[in-house]
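# Close look at the chain arrangement
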There are 2 protein chains.
Amino acid sequence: MDSREGAVRRTRVDGERTRATILRRAAELATVSGLDGLTIGELAASLRMSKSGVYAHFGSKEELQLATVEEARRIFDVEVFEPAAGAEAGVPRLLRLSDAFFTHLQGRTLPGGCFFAGAALEMGSRPGPVKEGILRFQEELVDTITTNVRVAKERGELSRDEDERTLAFEVNSILIGANTSFVLRGDPTVLQTARAVIARRLAPAVT
Amino acid sequence: MDSREGAVRRTRVDGERTRATILRRAAELATVSGLDGLTIGELAASLRMSKSGVYAHFGSKEELQLATVEEARRIFDVEVFEPAAGAEAGVPRLLRLSDAFFTHLQGRTLPGGCFFAGAALEMGSRPGPVKEGILRFQEELVDTITTNVRVAKERGELSRDEDERTLAFEVNSILIGANTSFVLRGDPTVLQTARAVIARRLAPAVT
C-alpha cells in the first residue's frame, strides 16, 4: 500500500469511528430527551464537536434519527439477541433473552432504559420511516419470542394449548412493563420480580 | 345577586372553562409531542388562542406540565378508576379496571395512547416535580391492583400462594404492553389479546 492509499484508508477509518461515536451518543441521548428531541446542536455540544462536524455525517434530522434507530438495534443485538442465540431454542432461549434484556436495563447501557420501548411511544403516533424502523424491530422481537414458544411446544417444554402469539405478547409485555417500572423507580428489585414472573410463566407444563 | 357579582362570577366561570379547555388539549398533545415538547406557543396555535391568553393561565412551562399531569389523572379517574370502583372488590374490580383501560385506549381519548405510560418513559430520567407526579400516579395504580389481589385472595378468588406485588406487577405490565403494541400498530386485536391474558391470569384458582 503506498502512502496515499494509506492516508485515504486512515481518513475513512477515522470517519467511521467518528460516526460510530456520534451514533452511540445519539442513542444514549434519545433515551433521555427523545428521538425527536435529538438535535445536531445538542449532539455536537455533548461530544465537544462542531455542529458542522456532526452535520457532515448526517444530512438531515431524519437521516440522523434513522441511523440512531440502527445503532440502537446494533446495541440490542449485541446485548440481547446474541446472548439469547447462545442458548438452546425454546424455553432456554426465551429465559436467556429475558435475562439479557434485564441485564441490559440494570447495566444502564442507555441512561433512559430500553431505546425501543421509549421510541415506540414517542414515534408511534407519527407515521414515517422512523416509526417504520421501530415497528420492524418490535415485530422482529415478537417473532423471535413466538418462534421459540412454538419450538418449546414441539419439545414438550410448554403445553400444546398455549397460543403462540398470545404468550409472545405476554412475555413482551413483561419486558416492557419491567422497563417502565425500572426507569421510573430505578429500583433493580423490579427486574428480579420480572425474572420471577417470566420463569414461572415458562415453567414446564404440568400434565 | 347584584349584576356586578354576577359579572364577576361569569368571568370566573369563563376562566375555569378556558383553563379546562387548554388542559384537555395539553394532555392530548403531550401523548403525541411529549410532555416536554409541550410549548405554550404550540398549545395556543392548536386552540387558536393568543400565546398571552394561554400564558395568563400558566406562569411557567413546569406549571403547565404539572397541571397537565393533573388533567391526565382526572381523565384516568373518569375513564378507568371510576368504572372499576363500580365492580365488586377483588377479581371483578381487576377485570373491570383492565377492561376500562383497554376501552380508554381503543376509544383514543388521547391520540398517543396512555398519557402516563408515555410520560413515565419521557420523564423517568429527569428528576423533579413532574416526574414525582407521574411516579405517584403509577404507585397509586399498582397499589389499587395490589389491594384488589389481596381481597381476591381473602375471598378465595385467587390462590393464597399468589404474591400480591408480583401479580400486581404482572397485571400492570399487561396494561403497559397493550398500550405500546396498540400505539405502534393501531390494531385493536391486541387489546382483545390483552383482555384474554388478564382473564386467564385472574381465572379462579384450581385447588
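Regarding its fold elements, chain A presents nine helices and zero strands. Mapped in sequence order, the helices and strands of chain A form the string α-α-α-α-α-α-α-α-α. Projected onto its principal axes, the C-alpha positions of chain A cover 70 × 45 × 30 Å. The burial tally for chain A puts 48% of its 207 residues in the buried class. When contacts within chain A are restricted to residue pairs at least 6 apart in sequence, those whose partners lie at least 24 apart make up 66%. When the accessible surface of chain A is totalled, it reaches about 9,600 Å², and 51% of it is carbon and sulfur. In chain A, 28 positive and 29 negative side-chain charges are present, and the distance between their average locations comes to 4 Å.

Between chain A and chain B, the residue contacts involve 40 residues of the former and 40 residues of the latter. Here chain A packs against chain B, burying approximately 3,300 Å² in sum over the two surfaces, 66% of which is carbon and sulfur. Looking at the side of chain A facing chain B, the largest losses of area belong to Leu-121, Phe-169 and Leu-184 of chain A, adding up to 24% of the total buried there. One can count two salt bridges joining chain A with chain B. With a shortest N-O distance of 3.5 Å, Arg-200 of chain B and Glu-162 of chain A are connected by a salt bridge. Looking at the side of chain A that touches chain B, the elements with two or more residues in it are α1 (3-33), α6 (115-123), α7 (129-154), α8 (164-185) and α9 (189-201) of chain A.

Moving on: unusual backbone geometry. Here Arg-48 of chain A, not a glycine, exhibits a phi torsion of approximately 55°, which is positive. In this fold, Arg-48 of chain A is placed in the loop between α2 (40-47) and α3 (51-55). Non-glycine residue Arg-108 of chain B carries a positive phi angle of around 50°. Within the element layout of this structure, Arg-108 of chain B appears in the loop between α5 (91-106) and α6 (115-123).

Quick look at the nonpolar core now. Among the nonpolar cores identified, the biggest contains 130 residues, and Leu-35, Phe-115 and Ile-134 of chain A together with Leu-35, Phe-115 and Ile-134 of chain B are the most heavily contacted of them. In this structure Leu-35 of chain A touches Ala-30, Gln-65, Thr-68, Val-69, Phe-115, Ala-119, Glu-122, Met-123, Val-130 and Ile-134 of chain A, once residues within four positions along its chain are discounted.

What follows is about the packing of aromatic side chains. Scanning all chains against the criterion turns up 16 aromatic pairs over all chains. Note on Phe-76 of chain B and Phe-101 of chain B: the rings are 6.1 Å apart at their centroids and 45° apart in plane angle, and the pair reads as tilted. You can see Phe-76 of chain B sitting in helix α4 (residues 61-85) and its partner Phe-101 of chain B sitting in helix α5, a full 25 residues away along the chain. Their ring planes at 80° and their centres at 5.0 Å tell us that Phe-115 of chain B and Phe-116 of chain B sit as a pair that is edge-to-face. Phe-116 of chain B sits in the buried class, given a relative accessible area of 1%. An aromatic cluster of three or more residues is present, and its members are Phe-76, Phe-81, Phe-101, Phe-102, Phe-115, Phe-116 and Phe-137 of chain A.

Summed over the entire model, instances satisfying the criterion amount to 30 salt bridges over all chains. Across the pair Glu-28 of chain A and Arg-24 of chain A runs a salt bridge, and its minimum N-O distance is 3.4 Å. Linking Glu-28 of chain A with Arg-24 of chain A, this pair stays in helix α1, spanning four residues, or about one helical turn. Several salt bridges converge on common partners, so that one network encompasses Glu-162, Glu-170 and Arg-201 of chain A together with Arg-200 of chain B.

In this structure the tally under the stated criterion is zero disulfides over all chains. With no disulfide partner, Cys-114 of chain A has as its closest neighbouring cysteine sulfur the one in Cys-114 of chain B, 17 Å distant.

Right, let's talk about the relation of the copies chain A and chain B for a bit. With an RMSD of 0.0 Å, the operation that places chain A on chain B is a rotation of 180° combined with a shift of 0.0 Å along the axis. Seen this way, the second copy is the image of the first under a two-fold rotation axis. Considering only C-alpha atoms, the part of chain A nearest the rotation axis is Ser-173 of chain A, at 2.8 Å. Interface overlap between copies: 100% of the residues of chain A at the interface are likewise at the interface in chain B, consistent with a symmetric, same-surface contact.

Residue and element names in this part refer to chain B. Among the secondary structure elements, Lys-153 is positioned in helix α7 (residues 129-154). By relative accessible area, which is 12% here, Lys-153 ends up buried. C-alpha separation for the pair Lys-153 and Val-91, spaced 62 residues apart in sequence, amounts to 9.1 Å. For Lys-153, the contacting residues outside a window of four places in its chain are Leu-158, Ser-159, Arg-160, Glu-162 and Glu-164. Only 3.2 Å separates the side chain of Lys-153 from the side chain of Glu-164, close enough to count as a polar contact.

This part takes up the packing of helix α4 (residues 61-85) of chain A against helix α5 (residues 91-106) of chain A. Residue and element names in this part refer to chain A. Where α4 contacts α5, the axes come no closer than 7 Å and their chain directions differ by 150°. By the angle between their directions, the pair α4 and α5 is classed as roughly antiparallel. When you trace α4 past α5, the crossing you get is right-handed. Counting all contacts with α4, which are made through Ile-75, Phe-76, Glu-79, Val-80, Phe-81, Pro-83, Ala-84 and Ala-85, the residues of α5 involved are Arg-93, Arg-96, Leu-97, Ala-100, Phe-101 and His-104. By residue class, the composition of the contact of α4 with α5 is 10 nonpolar, one polar and three charged.

The rules behind these values
Residues numbered from 1 in each chain as written. Chains lettered and ligands numbered in written order. Predicted model: local features only at pLDDT ≥ 70, side-chain atom pairs only at ≥ 80, totals over all residues. Heavy atoms only, no water. Helix = DSSP H or I, 4+ residues; strand = E, 2+ residues; numbered from the N terminus. Buried < 20%, exposed > 50% of the residue type's maximum accessible area, 1.4 Å probe, protein only. Contact = heavy atoms within 4.5 Å. Areas by Shrake-Rupley, 256 points an atom, 1.4 Å probe, with all protein chains shown as cover. Lys, Arg positive; Asp, Glu negative; His and termini not counted. Charge placed at Lys NZ, Arg CZ, Asp CG, Glu CD. Buried area = accessible area lost by both parts, 1.4 Å probe. Salt bridge = Lys/Arg side-chain N within 4 Å of Asp/Glu carboxyl O. Core = buried A, V, L, I, M, F, W, Y, C linked by side-chain atoms within 4.5 Å. Phe/Tyr/Trp six-rings, centres within 6.5 Å; stacked < 30°, edge-to-face > 60°. Disulfide = S-S within 2.5 Å. Least-squares fit on C-alpha atoms with pLDDT ≥ 70 in both. Polar contact = N/O pair within 3.5 Å; in protein donor to acceptor, adjacent residues only side chain to side chain. Axes fitted to C-alpha atoms, helices over the stretch in contact; angles between N-to-C directions. Parallel < 35°, antiparallel > 145°, perpendicular 65-115°, else oblique. Left-handed = near helix turned anticlockwise from the far one by under 90°. Nonpolar A, V, L, I, M, F, W, Y, C, P; charged D, E, K, R; others polar.

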